[in-house]
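Per-entry structural report
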Amino acid sequence: MDEVERQRKKLMFQCHHRGTKELDLVLGPFADAHLAELSADELQALAAFLTEIDPDIYDWLSGREPLPPRLQSPVTELLVAFGRRRLSGEGAFRVRAPDA
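Cut-offs used in this document
- Residues numbered from 1 in each chain as written.
- Predicted model: local features only at pLDDT ≥ 70, side-chain atom pairs only at ≥ 80, totals over all residues.
- Heavy atoms only, no water.
- Core = buried A, V, L, I, M, F, W, Y, C linked by side-chain atoms within 4.5 Å.
- Buried < 20%, exposed > 50% of the residue type's maximum accessible area, 1.4 Å probe, protein only.
- Helix = DSSP H or I, 4+ residues; strand = E, 2+ residues; numbered from the N terminus.
- Contact = heavy atoms within 4.5 Å.
- Phe/Tyr/Trp six-rings, centres within 6.5 Å; stacked < 30°, edge-to-face > 60°.
- Axes fitted to C-alpha atoms, helices over the stretch in contact; angles between N-to-C directions.
- Parallel < 35°, antiparallel > 145°, perpendicular 65-115°, else oblique.
- Nonpolar A, V, L, I, M, F, W, Y, C, P; charged D, E, K, R; others polar.

Counting 24 residues, the largest nonpolar core has F49 and L61 as its most contacted members. Put simply, the parts of the chain that give this core at least two residues each are α1 (3-16), α2 (21-34), α3 (40-50), α4 (54-62) and α5 (74-90). Looking at this core, the element that brings in the most residues is α3, giving 6 residues. Setting aside residues no more than four positions away along its own chain, L61 makes contact with L23, V26, L27, F49, L79, V80, G83, R84 and L87.

Here it is, written out as structure tokens:
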């Protein structure tokens, strides 16, 4: 296994096991949808993003706070847009009404 694949596996685990369910439900599906197509540089940008603390990540993904310039990259912008859609109810957080 090469270094890029090793990093993908590590990031997949980190995205699915953040410690807060809200972030697991955003970062996990993002990783499932996009991780395989990310370049080595994009994987590095995502890894840097994931070193931040959960409350800050949640604030950026929810739109409470802007993403700091030091973390801005095409992949983090994609992630923030993905997170805002998910957290606004356009994704898996919507609850379906039970059948009558």
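Our focus in this paragraph is α4. Where α4 is concerned, the buried positions are D54, I57, D59, W60 and L61. The elements touched by buried residues of α4 are α2, α3 and α5. G63 occupies a position one or two residues after α4 and carries a positive phi of about 90°.

This next bit is on the packing of aromatic side chains. Under the definition given, this model contains 2 aromatic pairs. Plain terms: the ring middles of F30 and F82 are 5.5 Å apart, the flat faces sit at 70° to each other, and that makes the pair edge-to-face. Taken together, the positions of F30 in helix α2 and F82 in helix α5 put the pair 52 residues apart, joining distant regions of the chain. For F30, a relative accessible area of 0% puts it in the buried group. Residue F82 is classed as buried on the basis of its relative accessible area, which comes to 11%. Taking 5.7 Å as the distance between ring centres and 55° as the angle between the ring planes, the aromatic pair formed by F49 and W60 counts as tilted. Of this pair, F49 sits in helix α3 while W60 sits in helix α4, placing them 11 residues apart in sequence. F49 sits in the buried class, given a relative accessible area of 0%.

Moving on to the packing of α1 against α2. At a minimum axis distance of 7 Å, the contact between α1 and α2 shows a crossing angle of 150°. Taken together, α1 and α2 sit at an angle that is classed as roughly antiparallel. Contacts between α1 and α2 involve M12, C15 and H16 from the former and L23, D24, L27, G28, A31 and D32 from the latter. Across the contact of α1 with α2, the residue classes break down as 5 nonpolar, 2 polar and 2 charged.

On their own, these measurements won't tell you what the molecule is for.
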